[in-house]
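Residues per chain are reported as follows:
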Amino acid sequence: MLGIFLIILNSPGFSQHDLEKKYDVNQYILDLAVSNSSTAISGNVIINASVAAATLDTFVVDLIDTLLPGYTYMVVDSVFIDGVLTGFQHHDHLVFIPLASPLSQDQLFSAQIFYHGKGTANYSTNYNGIGKKTYMGIIHTYTHSEPDWSKVWWPCKQILNDKADSVTFYITTDSSNITGSNGILSSTEILPGGKVKYKWETKYPIDFYLISFVVGPLDKYITYAQLPNTQDTLLLQNILFANSIYYPAHLKAIDKTKQLVYLFSELFGMYPFKDEKYGYSVIGTPLGAMEHQTMCTIGYQAMDTTSAHYYSYYFWYVAHELAHQWFGDYVTCSEWNYLWLNEGFASYMEYVALQHLESQAKADYWIQNAHNKVVSLPGGSVYVPDSLASDENKLFDYRLQYKKGASILHTLRYEINNDSLFFAVLRDYLSAYAYSVASAEDFKQIAETTTGIDFTDFFDQWYYGQGYPVFHIYWDQGNDTLTIESEQLTSSQETTLFKTHFDLKINSVAGDTVIRLFQETNIETYKIFFPETVISVEFDPEFWLIQANEIVVSTAGNAGDPFSFRLMPNPASDYIIVMVDQKAILQKSMISVYDIRGQFLFQQKILQNKTNLDISMLDKGVYLVQLQNHKNRAVLKFVKE
Ligand SMILES: [Zn+2]
């Protein structure tokens, strides 16, 4: 899922009834009558299952009963077990069906539930089960069920680690409508009374929240993507608005998707649902998207390739949603606590796709933007503790799950320090948990086995831990020796040390050299043989780490007399305040501003402790501020927003 969404309902509670764990779902067969102009729904769902416990005496599924009277409700009309009409109770958003006689382990059974009701369209929210929108005068309905909203529109077992092996979905609607759903559209049957019945089928394992539909008088667009190392092509089946001003952009975004399908299949292993399809169902909400398996539901502006924004947000969207087909759909987080495996990974693939298909400069912008978002608050872990996992407003934390989640995967890539090994880890993880679920610990184990590296500290500090490191780097050159002292503080009390490698770019009279050091304790001193005269030192020039840093230099012979200064706010948009100590004023220091490549931009005298620098004319990006007098020089980095 990617987007900004407004949830005005509290979750009715996660009802992972223990009784639901006593069976395994083999197949769902949904047979529903759906309208494009109303969220009313009726029909039946067959659940073919097998008994997982020693015995099963009550069959239980999730289905909402009422959620604020008059708005959302589903009413069960009748229930059949193996074709026999059976009694039931419906309360607490669960349907309890006592079995006539208990079933024993591995026994197969079939439950059929007839029901009707109405979804959440009256709420001003996009994403709660089933919704209705009007765009360009076209009224359509769609579903969005992550994390636990499937039960708003159909009876199912909402437990992540039980994927159905296959799903057949019959959608009956007005013949003026077309539909988008999972898998292959295997038949279209014209019915009397101006109705049509579409049959969608998927034979790949699928989790409950990834099952969806879109229904409306929309248009189709079909094309094919080439796959690597095979003659096979992948069907790209889309439904969209042909009358939209965005239509040409949507076709371009679908074309870009072809390149992404090829790239990701090369990097992660073959597209996991290649015998069926990939596609987009474009809906009338502007932004946001959801990675429904083989058919992403996406807002019409999210695929706007004409956006003037240089950094191409549409590209972020299409890369993210396609990446979810591997990270989220093919391998799904086993509990919402491990949402990182879905959202952090899909988000990081935006960066990877930019590197391969756009430019490193755009990728650099992406990761700096992610880092800036992460450091906007001092705490928070990527791991979702139980106290937050049941509250979707907190679960889908953009800063932590999407941006920090992606950034720490980037740092893991840095620690592995070998791209072919890093992508081997991803492929090994995907193939080990193919069409199934995994935890963060499962991923850690794969990463350790494939690389031979112990990632215990890495996970403790970056994944389970909170915040980020703050480095103060002091450097001093005497004769042939460059002395570097790294003092590491952290932004959160919860994590007091990040044991990590870090890079320093040493700019000397002979050019630039990047050195890699390892921080094992909070204060480290490194002595490096470095005969060329050092001009400046830059921290983490390739943006591998979420961090804040300050670099202070003292030239040889003046080790006792360095000065330091501070910049705030940082990031900033119009003005940045340079704060210096009294010594800098007395020593007639100057401030110089450089771009990240070291190009001089402008200079200003220091006359007081706080000096305002006007940065309103600068483009967005990273800049360096140098404070210098006849003896000393210090450099800090700031981000212009
Ligand atoms: Zn996502």
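Check the entry above for the structure.
Residues numbered from 1 in each chain as written. Predicted model: local features only at pLDDT ≥ 70, side-chain atom pairs only at ≥ 80, totals over all residues. Heavy atoms only, no water.

Asker: Got a minute to help me understand the side chain of Ser145 in this structure?
Answerer: Looking at the secondary structure, you find Ser145 in the loop between β11 (138-144) and β12 (166-174). Side chain to side chain, Ser145 and Trp153 meet in a polar contact 2.9 Å long. (Helix = DSSP H or I, 4+ residues; strand = E, 2+ residues; numbered from the N terminus. Polar contact = N/O pair within 3.5 Å; in protein donor to acceptor, adjacent residues only side chain to side chain.)

Asker: Explain helix α7 (residues 398-416) to me, please; I cannot follow it from the model alone.
Answerer: At 3.6 residues per turn, the α-helix brings residues three or four places apart onto the same side. Spanning 19 residues, α7 covers 26 Å between terminal C-alpha atoms, matching the ideal 27 Å at 1.5 Å per step. By the largest-angle criterion, Lys404 marks the main kink of α7, which is about 35°. For α7, the side-chain oxygen to backbone nitrogen distance between the N-cap and Arg399 is 3.0 Å, and the N-cap itself is Asp397. Two residues or fewer past α7, Asn417 is found with a positive phi of approximately 60°. (Expected span 1.5 Å × (residues − 1). Bend = angle between axes of the 7 residues up to and from the residue.)

Asker: Looking at this model, I keep getting lost on the nonpolar core. Mind explaining?
Answerer: The tendency in soluble globular proteins is for nonpolar side chains to be buried as a group. In this structure, Tyr28, Phe264, Trp340, Tyr429, Phe443 and Ile484 are the most contacted members of the largest nonpolar core, which totals 172 residues. When residues of this core are assigned to their parent elements, the largest contribution, 10 residues, is made by helix α3 (residues 340-357). Setting aside residues up to four positions removed in sequence, Tyr429 forms contacts with Phe327, Val331, Leu341, Phe345, Ala438, Phe443 and Ile446. The next biggest cluster of nonpolar side chains, apart from the first, holds 19 residues, and it includes Ala572, Ile591, Ile615 and Leu636. (Core = buried A, V, L, I, M, F, W, Y, C linked by side-chain atoms within 4.5 Å. Buried < 20%, exposed > 50% of the residue type's maximum accessible area, 1.4 Å probe, protein only. Contact = heavy atoms within 4.5 Å.)

Asker: For this particular structure, what's the right way to read the sheet that holds strand β8 (residues 94-104)?
Answerer: Two pairing modes exist for strands in a sheet, parallel and antiparallel, and in both the strands are linked by backbone hydrogen bonds. Spatially, β3-β8-β7 is the arrangement adopted by the 3 strands of the open sheet, whose pairing is antiparallel. Sheet topology places β3 (55-62) and β7 (89-91) at the edges, where each strand pairs with a single neighbour. Recorded for the sheet is a direction-independent mean angle of 30° between the axes of neighbouring strands. Of the strand pairs in this sheet, β3 and β8 are connected by 7 bridges, and their pairing is antiparallel. Bridge assignment links Phe59 to a residue of β8, and that residue is Ile97. (Pairing = 2+ DSSP bridges. Axes fitted to C-alpha atoms, helices over the stretch in contact; angles between N-to-C directions.)

Asker: Looking at this structure, I do not really get the packing of aromatic side chains. What am I missing?
Answerer: Two numbers describe a pair of aromatic rings. These are the distance of the centres and the angle of the planes. A full pass over the atoms with the stated rule returns 58 aromatic pairs. Ring plane angle 85° and centroid distance 5.2 Å describe the contact between Trp153 and Phe213, whose orientation is recorded as edge-to-face. With a gap of 60 residues between them, Trp153 in the loop between β11 and β12 and Phe213 in strand β16 (residues 213-216) connect regions that are remote in the sequence. The pair formed by Trp153 and Phe213 is uniform in burial state, with each residue classed as buried. On the numbers, 4.5 Å between centres and 40° between planes, the contact of Phe471 with Phe539 is tilted. Of this pair, Phe471 sits in strand β24 (residues 469-478) while Phe539 sits in strand β29 (residues 534-539), and the two are 68 residues apart along the sequence. Summarising the burial analysis for this pair, Phe471 and Phe539 share the class buried. Seen from the ring of Tyr23, Lys157 lies directly overhead, with NZ or CZ sitting 4.8 Å from the centre. The ring of Tyr170 has Lys197 sitting right over it, with the charged end atom 5.2 Å from the ring centre. (Phe/Tyr/Trp six-rings, centres within 6.5 Å; stacked < 30°, edge-to-face > 60°. Lys NZ or Arg CZ within 6 Å of the ring centre and 35° of its normal.)

Asker: What's the story with the environment of His17 in this structure? I'm lost.
Answerer: Among the secondary structure elements, His17 is positioned in the segment before β1 (23-34). For His17, a relative accessible area of 25% translates into the label partly exposed. Dropping the residues within four chain positions of it, His17 is found in contact with Val60, Leu94 and Phe96.

Asker: What should I look at first to understand the packing of α3 against α7 in this one?
Answerer: Describing two packed helices takes the angle between their axes plus the distance from one axis to the other. For the pair α3 and α7, the least separation of the axes is 7 Å and the interaxial angle reads 65°. As judged from the angle between their axes, α3 and α7 are roughly perpendicular. Along this stretch, α3 crosses α7, giving a crossing that reads as right-handed. Where α3 abuts α7, its residues Trp340, Glu343, Gly344, Phe345, Ser347, Tyr348, Met349, Glu350, Tyr351, Val352 and Gln355 lie against Gln401, Tyr402, Lys403, Gly405, Ala406, Ile408, Leu409, His410 and Arg413. (Parallel < 35°, antiparallel > 145°, perpendicular 65-115°, else oblique. Left-handed = near helix turned anticlockwise from the far one by under 90°.)

Asker: Hey, could you run me through unusual backbone geometry in this one?
Answerer: When glycine is set aside, most residues are seen to have a negative phi, and most peptide bonds are trans. Here the residue pair Glu146 and Pro147 is connected by a cis peptide bond, since its omega of 0° sits within 30 degrees of zero. By the element assignment, Pro147 lies in the loop between β11 and β12. With an omega of -10°, the peptide bond between Met568 and Pro569 qualifies as cis. Although it is not a glycine, Met136 adopts a positive phi angle of roughly 55°. Relative to the helices and strands, Met136 resides in the loop between β10 (129-135) and β11. Look at Met136 and you get partly exposed, because its relative accessible area is 39%.

Asker: Even after reading the chapter, I still don't get helix α2 (residues 313-324), so can you show me in this structure?
Answerer: The end-to-end C-alpha separation of α2 is 17 Å, in line with the 16 Å expected for 12 residues at 1.5 Å each. Among the 12 residues that make up α2, 11 are buried, leaving the element largely enclosed by the rest of the structure. Considered for burial, the residues of α2 that qualify are Tyr314, Phe315, Trp316, Tyr317, Val318, Ala319, His320, Glu321, Leu322, Ala323 and His324.

Asker: Any chance you could explain the packing of helix α1 (residues 247-268) against α3 here in plain terms?
Answerer: Orientation of α1 relative to α3, taken along the N-to-C sense of each, is 105°, at an axis distance of 11 Å. When the interaxial angle is binned, α1 and α3 end up roughly perpendicular. Residue-level inspection shows Gln259, Leu260, Leu263, Phe264, Leu267 and Phe268 of α1 in contact with α3, the latter providing Met349, Val352, Ala353, His356 and Leu357. Of the residues contributing to the contact of α1 with α3, the split by class is 9 nonpolar, 2 polar and no charged. (Nonpolar A, V, L, I, M, F, W, Y, C, P; charged D, E, K, R; others polar.)

Worth remembering: the numbers are spatial, not functional.
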